Amino acid sequence: VQLQAYGGGLVQAGGSLRLSCAASGLLFSSYAMSWFRQAPGKEREFVASISWRLQYEDSLKGRFTISRDNAKNTVYLQMNSLNPEDTAVYYCALGTLGGVVPGGYNYWGQGTQVTVSS
């Protein structure tokens, strides 16, 4: 199983980015997918997940949108109105349990850096 995350980069505050994560090696549609992020010196934190339901970190609702295309084995994270506090490495994850904690996921992508300048 491989997860390949991409789409990160440098963006000015107020801008948008769309992250993508492509999965291979399994029946993608059967699993929960999520995004987590980790800023320097901080623990990895939940961003959003998609399975039979959508879940978001409360503080990100309205700015971030998770979606998936099972035909393309890809999950997306649309991020709008970005601010410097969103700067982090963003990781996609795939798992059978899903949820808001890292332990619910079996596989992780390599991470993609998002940097928001003020």
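Quick summary incoming for the structure in this document. Note that residues are indexed from 1 along each chain, following the sequence as it is written. In view of the model being predicted, local features appear only for residues whose pLDDT reaches at least 70, and side-chain atom pairs are presented and counted only at 80 or more, with totals across whole chains, interfaces and linings using the full set of residues. Excluding hydrogens and water, the side-chain values take into account all heavy atoms of the structure.

**Here's the deal with the overall build of the protein chain**
Inference 1: Helix numbering and strand numbering both begin at the N terminus, where a helix is a DSSP run of H or I of at least 4 residues and a strand a DSSP run of E of at least 2. What the protein chain contains, in helices and strands, is 0 helices and 11 strands.
Inference 2: Starting at the N terminus and ending at the C terminus, the protein chain contains elements arranged as β-β-β-β-β-β-β-β-β-β-β.
Inference 3: Relative to the 2.2 N^0.38 estimate, which gives 13 Å for 118 residues, the radius of gyration of the protein chain is 13 Å and therefore close to what a compact globule would have.
Inference 4: Here the C-alpha coordinates of the protein chain stretch approximately 40 × 25 × 25 Å along the principal axes.
Inference 5: Any residue under 20% of the maximum accessible area for its type is buried, any over 50% is exposed, and the rest in between are partly exposed; the area is computed with a 1.4 Å probe on protein chains only. Going through the 118 residues of the protein chain one by one, you find that 45% of them count as buried.
Inference 6: Contacts: residue pairs with any heavy atoms within 4.5 Å of one another. Look at the contacts in the protein chain between residues 6 or more apart in sequence, and 57% of them connect residues 24 or more apart.
Inference 7: Here the accessible surface of atoms and residues is derived via Shrake-Rupley with a 1.4 Å probe, and residues count as covered only by protein chains that are part of the display. Within the structure as shown, the protein chain displays about 6,000 Å² of accessible surface, and the carbon and sulfur contribution to it stands at 48%. In this description the radius of gyration comes from C-alpha coordinates, and the expected globular size is given by 2.2 Å times residues to the power 0.38.

**Observations regarding the nonpolar core**
Inference 1: For the purposes of this section, nonpolar cores are sets of buried Ala, Val, Leu, Ile, Met, Phe, Trp, Tyr and Cys residues that join through side-chain atoms within 4.5 Å. If you look at the biggest cluster of nonpolar residues, it comprises 29 residues, and the most contacted ones within it are Trp35, Leu77, Met79 and Tyr90.
Inference 2: Among the nonpolar cores identified, the runner-up in size contains 5 residues, and Ala32, Phe36, Ala93 and Tyr105 belong to it.

**Some remarks on the pattern of salt bridges**
Inference 1: By definition, a salt bridge exists where a carboxyl oxygen of Asp or Glu is found within 4 Å of a side-chain nitrogen of Lys or Arg. Under the criterion given, the structure shown has 4 salt bridges.
Inference 2: The salt bridge partner of aspartate 58 is lysine 61, with a shortest N-O separation of 3.4 Å.
Inference 3: Among the salt bridges present, the one from arginine 63 reaches aspartate 86, with a minimum N-O distance of 2.8 Å. With arginine 63 in the loop between strand S6 (54-56) and strand S7 (64-69) and aspartate 86 in the loop between strand S8 (74-79) and strand S9 (88-95), the pair connects residues that are 23 residues apart, well separated along the chain. Of the two residues examined, arginine 63 and aspartate 86, each falls in the buried class.
Inference 4: Each of Arg37, Glu45, Arg63 and Asp86 takes part in salt bridges that share partners, so that together they form one network.

**Looking at the state of the cysteines**
Inference 1: Sulfur atoms of two cysteines make up a disulfide when they are within 2.5 Å. All chains considered together, the criterion is met by 1 disulfide.
Inference 2: Cysteine 21 shares a disulfide with cysteine 92; S-S distance 2.1 Å. Sign of the S-S torsion, about 55° for the bond between cysteine 21 and cysteine 92, identifies this disulfide as right-handed. Of this pair, cysteine 21 sits in strand S3 (residues 17-24) while cysteine 92 sits in strand S9; the two residues are 71 residues apart in sequence, bridging distant segments of the chain.
Inference 3: The class for cysteine 92 is buried, based on a relative accessible area of 0%.

**Some points on unusual backbone geometry**
Inference 1: Even without being a glycine, asparagine 73 presents a positive backbone phi close to 50°.
Inference 2: Within the element layout of this structure, asparagine 73 appears in the loop between S7 and S8.
Inference 3: In the Ramachandran plot, serine 81 falls in the positive-phi region, its phi being about 50° despite a non-glycine side chain.
Inference 4: Its place among the elements puts serine 81 in the loop between S8 and S9.
Inference 5: Given a relative accessible area of 43%, serine 81 falls into the partly exposed group.

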